[in-house]
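Observations on chain architecture
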Amino acid sequence: MPADRAKYSPLMQLCAGWQSVWVIRGQLSRRTYLLFAMAGLLLPLAAWWWLAASGVVDKVFMPGPMDVVNRIYTWFMEDNLSHDMWISTYRVVAGFTLSAILAFPIGLMIGTYRPVQALLEPLTDFIRYMPAVAFIPLVMLWVGIDEGSKIAIIFIGTVFQMVLMVAEDVRRVPITQIEAAQTMGATRGEIVSLVIFQSAKPALLDTLRITMGWAWTYLVVAELVAANSGLGYSILRAQRFMQTDKIFAGIILIGLIGLAIDQLFRLIHRKSFPWLYKK
Amino acid sequence: MEIKINIENAGKTFNDGSIVALKDVNLSIAAHEFVTFVGASGCGKSTLLRCIGGLESLSGGDINIDGRSIDGPGVDRAMVFQHYSLYPWLTVTENIKFSRQLLVNREGITSSDVEAASGRADALIDLMGLGHVRNAYPNQLSGGMQQRVAIARALLPRPQILLMDEPFGALDAQTREVMHDLILHVSKLEQTTIVFVTHDVEEAIYLGQRVVLMAPRPGRIDTIYPIELSAQRDQDMKLAPEFLRYKKEILARIRETSGMRTDLELLERMTRQAQPQNDMQ
Ligand SMILES: Nc1ncnc2c1ncn2[C@@H]1O[C@H](COP(=O)(O)OP(=O)(O)O)[C@@H](O)[C@H]1O
Ligand SMILES: [Mg+2]
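Residues numbered from 1 in each chain as written. Chains lettered and ligands numbered in written order. Predicted model: local features only at pLDDT ≥ 70, side-chain atom pairs only at ≥ 80, totals over all residues. Heavy atoms only, no water.

1. What about the pattern of salt bridges?
Tallied over the full model, the rule gives 27 salt bridges over all chains. The partner of arginine 134 of chain B in a salt bridge is aspartate 122 of chain B, with the nearest N and O atoms 3.4 Å apart. Of this pair, arginine 134 of chain B sits in the loop between helix H4 (111-127) and helix H5 (143-155) while aspartate 122 of chain B is found in helix H4, placing the two residues twelve residues apart along the sequence. Given a relative accessible area of 33%, aspartate 122 of chain B falls into the partly exposed group. Through salt bridges that share partners, Glu121, Glu168, Arg171 and Arg172 of chain A make up one connected network. (Salt bridge = Lys/Arg side-chain N within 4 Å of Asp/Glu carboxyl O. Helix = DSSP H or I, 4+ residues; strand = E, 2+ residues; numbered from the N terminus. Buried < 20%, exposed > 50% of the residue type's maximum accessible area, 1.4 Å probe, protein only.)

Structure representation (structure tokens):
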């Protein structure tokens, strides 16, 4: 009823718009989406700014956003931030890559062959509940205190989860896809490489993306082990000197690098699996 | 008459014998025959088809093809599933050529073989009306088109036997009619032996030279109906008195064997129970 519509005041239109957004599983225009996303990011930032500026909390405990930005600047100029970022990224990527190299074939086998599942899955399930942190003393004894030990901690923290997730991805391949290949005369090897692996690929890349996030959370723990560089190490050291702004800076930097890698994985996903995005 | 598939005392149990999916099934299927299977759900139609396809092994008895006992799936028997069997990462053309690609990856295949297969793939794509979507991915297609791709894929290696498990169950009535005439055309032209499972009696009569009615608990063959209609089927035939007679007879028998009936007293009670709420409104 266009005639009635005209009578609506702008405020009422806004109300109507507000209501139409809250449809269960509804759609959102790109502009409205961005609006909400910006609000979600900027509001906490503003709250932080206000909290720090108001002086309610002591600056030693809660530095303001500008203090953190300044700290990142001096860290970069005077304290070799780029080396810390590089060495931390290297440790994460190395530990993560080792995990993937081991977890992929094992997970593929667990998800494909029942005997392998019976043999390895309960064991993996058990080990993954052992806290990776508790392995630190052992790792130091076995691997020593050089670079290898930090990589080992990240490896231990991610590999068992990754095995189980890869196995699950592989099990999710629809059985009819496999049976269709069998009726077309595919051998066992062909089914694994041309059907199961191909079919599971998108899920596997998602598994990589998610475990990469976990690898970053193990970084700080890994750099507890006699490190003398790295973002996690810097955070721990800053605590000793009450440099809360540096702690904030380190945490935010790890978050940003993690976010960047996550976005990279999503980009690869879009480029590698076009059939998922064409509708 | 040359026997293509011979099923002798076939039995199949699941869960260590607690579910008897097939019991003493005996049937001979002639070469080039088109046999359809109907019956209440759970009567073992899919299980029997999967046993012929070699995807399940029998618990007893034997199925042989050209006199040889089957041992697992083989390229002589192509299978069309109800759904979700296409490879979503391959285009329509790549899906259809999948079986050929397997051979190319192995050794000892000549380039003339590959070319012959390409020619057949193109012909199948045209026959199935898939020309305009040959480079599309399966999830860009409607259900009917996806099923046409699955049929083309199954037909590519020119199988002697085509096994189909409710292939058109998810399609709308119009698309299904088109698919029926298409599959009859293929059956006549390529002389394929076709075993076709459906829950649609009309479809079974229209397509089949014989309709095999199965009954549940335990899964077994109940009645076999030879369909004596003109071999040249057309859609109007579905309204002919002979056709309707078959339909009535088979439907009645399915009802008898399925153990399901309409309980009028129960229905009445259900309606009575709903009364108070209606009054409240
Ligand atoms: N893999 C299986 N494991 C256990 N029971 C099964 C399996 N497949 C089929 N059945 C059982 O066997 C019987 C026949 O099933 P099915 O062949 O699918 O019937 P239909 O296709 O005629 O509906 C049903 O009772 C079903 O539950
Ligand atoms: Mg079935």
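2. Remarks on the nonpolar core
With 89 residues, the main nonpolar core has Trp216 of chain A together with Ile5, Ile7, Phe37, Leu48, Tyr87 and Phe98 of chain B as its most contacted residues. For this core, the leading source of residues is helix H10 (residues 188-222) of chain A, giving 14 residues. Here this core spans two domains, and each of domain 1 (1-76 + 160-281) and domain 2 (77-158) of chain B adds at least three residues to it. Each residue touching leucine 48 of chain B, except ones within four places of it in the same chain, is listed here: Ile7, Leu22, Val25, Phe37 and Met214 of chain B. If you look at the next biggest cluster of nonpolar residues, it comprises 50 residues, including Leu130, Val186, Ile227 and Leu229 of chain B. (Core = buried A, V, L, I, M, F, W, Y, C linked by side-chain atoms within 4.5 Å. Domains from an automatic or database assignment. Contact = heavy atoms within 4.5 Å.)

3. Focus: helix H8 (residues 241-258) of chain B
All names here are of chain B. For H8, built from 18 residues, the straight-helix expectation of 26 Å at 1.5 Å per residue is met to within 8% by its first-to-last C-alpha distance of 26 Å. The secondary structure elements touched by the buried residues of H8 are strand S3 (34-39), helix H7 (201-207), strand S9 (210-215) and strand S10 (220-226). Of the residues trailing H8, glycine 259 is marked for its positive phi of about 75°. (Expected span 1.5 Å × (residues − 1).)

4. As for the sheet that holds strand S2 (residues 19-30) of chain B
Residue and element names in this part refer to chain B. In space, the four strands of this open sheet follow the order S2-S1-S4-S5, with antiparallel pairing throughout. Here the strands that pair on one side only, and so sit at the sheet edges, are S2 and strand S5 (68-69). Across five bridges, strand S1 (residues 3-14) lies against strand S4 (residues 60-65) in antiparallel orientation. Note on S4: the bridge partner recorded for isoleucine 5 is isoleucine 65. (Pairing = 2+ DSSP bridges.)

5. Here's the deal with the domain arrangement of chain B
All names here are of chain B. Splitting chain B by domain gives domain 1 (1-76 + 160-281) and domain 2 (77-158). Each of domain 1 and domain 2 has a C-alpha centre, and the two are 26 Å apart. The partner domain 2 presents 17 residues to the 32 residues of domain 1 that form the contact. Buried area between domain 1 and domain 2, summed over both chains or domains, comes out near 2,000 Å², and the portion from carbon and sulfur atoms is 61%. Across the domain 1-domain 2 interface, the total number found is twelve residue pairs in polar contact (both at pLDDT 80 or more). Broken down by element, the residue count for the side of domain 1 that touches domain 2 peaks at eight residues, all from helix H6 (residues 173-190). Residue classes in the side of domain 1 that touches domain 2 are distributed as 19 nonpolar, eight polar and five charged. (Buried area = accessible area lost by both parts, 1.4 Å probe. Polar contact = N/O pair within 3.5 Å; in protein donor to acceptor, adjacent residues only side chain to side chain. Nonpolar A, V, L, I, M, F, W, Y, C, P; charged D, E, K, R; others polar.)

6. Here we look at the site of ligand 1
All names here are of chain B. Around ligand 1 sit Phe14, Asn15, Ile19, Ala21, Ser41, Gly42, Cys43, Gly44, Lys45, Ser46 and Thr47, and those are all the residues in its vicinity. Residue cysteine 43 places a main-chain N or O atom 3.3 Å away from an oxygen atom belonging to ligand 1. Across the complex, the protein chains shield 61% of the 560 Å² of accessible surface that ligand 1 would expose by itself. In terms of residue count, helix H1 (residues 45-53) provides more of the shell around ligand 1 than any other element does, three residues in total. Classifying every residue of the shell around ligand 1 gives four nonpolar, six polar and one charged. (Near = heavy atom within 4 Å. Areas by Shrake-Rupley, 256 points an atom, 1.4 Å probe, with all protein chains shown as cover.)

7. So, the pairing of S1 of chain B
Residue and element names in this part refer to chain B. Direction of pairing for S1 relative to S2: antiparallel, over a ladder of eight bridges. Bridging from a neighbouring strand, alanine 10 pairs with valine 25 of S2. Between the end of S1 and the start of S2, which pair antiparallel, lie four residues, with asparagine 15 showing a positive phi angle near 50°.

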